[in-house]
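Architecture and fold: a report
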Amino acid sequence: MSGKEVIFSPKAPKPIGPYSQAIKVGPFLFGSGQIPINPETGEIVRGSIKEQTERVMENIKAVLDAAGYSLENVVSVFVFLSNLEYFKDFNEIYGRYFREKPPARTTVQVARLPKDVLLEVSFIAYKE
């Protein structure tokens, strides 16, 4: 595919499989799912959904920054929670990152996530 650019940030977790942190195609940036891995240690951030959400959002910011994008460019987010009972606490932290004109979002509960984390979040961003 012509124009497909791999995005990598050392400030976000290294991919643990055959995928990229993000792919840029034209004005679109497609971000792979981020789980709460501390990129400095490679360890899972254990703790509450709030702590894990904060780490995931910081990882997403790092990937966006590496591509020259920001949270303001995010147009769609996909959230996978291990339990929908986390929805309120997740939203509390998530809302701090998307204060104005929040992106479209899908949130679902899943049976299990990699490394038994509480959430995974992926995104699509657009920048003219």
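Relevant structure appears above.
Here goes a summary of the coordinates provided.

Cut-offs used in this document
- Residues numbered from 1 in each chain as written.
- Predicted model: local features only at pLDDT ≥ 70, side-chain atom pairs only at ≥ 80, totals over all residues.
- Heavy atoms only, no water.
- Patch = residues over 30% accessible without salt bridge, like charges linked within 9 Å, V, L, I, M, F, W, Y side chains within 5 Å.
- Areas by Shrake-Rupley, 256 points an atom, 1.4 Å probe, with all protein chains shown as cover.
- Salt bridge = Lys/Arg side-chain N within 4 Å of Asp/Glu carboxyl O.
- Helix = DSSP H or I, 4+ residues; strand = E, 2+ residues; numbered from the N terminus.
- Contact = heavy atoms within 4.5 Å.
- Buried < 20%, exposed > 50% of the residue type's maximum accessible area, 1.4 Å probe, protein only.
- Arc of directions from axis to C-beta.
- Core = buried A, V, L, I, M, F, W, Y, C linked by side-chain atoms within 4.5 Å.
- Pairing = 2+ DSSP bridges.
- Expected span 1.5 Å × (residues − 1).

Moving on, we come to a nonpolar patch on the surface. A cluster of nonpolar side chains, Phe-28, Phe-30, Val-75 and Tyr-126, forms an exposed patch at the surface whose accessible area comes to about 330 Å². Position of Tyr-126 relative to the elements: it lies in strand β6 (residues 119-126).

Glancing now at the environment of Phe-87. Structurally, the position occupied by Phe-87 is in helix α2 (residues 87-97). Leave out the neighbours within four places in its chain, and Phe-87 touches Leu-81, Arg-105 and Thr-107.

Moving on, we get to the pattern of salt bridges. Tallied over the entire structure, the rule returns four salt bridges. Among the salt bridges present, the one from Lys-61 reaches Glu-58, with a minimum N-O distance of 3.8 Å. Of this pair, Lys-61 and Glu-58 both sit in helix α1 (residues 49-66), three residues apart, which is roughly one turn of the helix. The class of Lys-61 is partly exposed, set by a relative accessible area of 34%. A cluster of three or more residues bridged by salt bridges with shared partners is formed by Lys-50, Glu-92 and Arg-96.

Owing to its 3.6 residues per turn, the α-helix brings residues three or four apart onto one side. Of all the residues in α2, the buried ones are Phe-90, Ile-93, Tyr-94 and Tyr-97. Considered in projection along α2, the buried side chains sweep an arc of 100° and stay on one side of the axis. Those residues of α2 hidden inside the fold are in contact with α1, β4 (74-81), β5 (104-109) and β6.

Here we take up the nonpolar core. Core analysis: the largest hydrophobic core is formed by 28 residues, its most contacted members being Leu-29, Leu-64 and Phe-123. Those elements that place two or more of their residues in this core are α1, β4, α2 and β6. When residues of this core are assigned to their parent elements, the largest contribution, seven residues, is made by α1. Among residues more than four places away in sequence, those in contact with Leu-29 are Ile-7, Ala-22, Ile-23, Lys-24, Leu-64, Ala-67, Tyr-69, Phe-123, Ile-124 and Ala-125. Membership of the second largest hydrophobic core comes to five residues, among which are Ile-37, Ile-44, Leu-113 and Val-117.

Bringing the pairing of strand β2 (residues 22-25) into the picture now. Sheet topology places strand β1 (residues 4-7) next to β2; four bridges connect them, and they run antiparallel. What sits directly across from Ile-7, in β2, is Ala-22. Pairing of β2 with strand β3 (residues 28-34), which is carried by four bridges, proceeds in the antiparallel orientation. Bridge pairing in β3 places Ala-22 opposite Gly-31. Between β2 and β3, which pair antiparallel and follow one another directly, the connecting turn spans two residues, one of which, Gly-26, has a positive phi of 60°.

So, about α1. In a regular helix each residue adds 1.5 Å, so 18 residues correspond to 26 Å; α1 covers 26 Å between its end C-alpha atoms and thus fits that length. For α1, the set of buried residues is Ile-49, Gln-52, Thr-53, Val-56, Met-57, Asn-59, Ile-60, Ala-62, Val-63 and Leu-64. Buried positions along α1 lie against β1, β2, β3, β4, α2 and β6. Looking one or two places after α1, you find Gly-68, whose phi comes out positive at around 85°.

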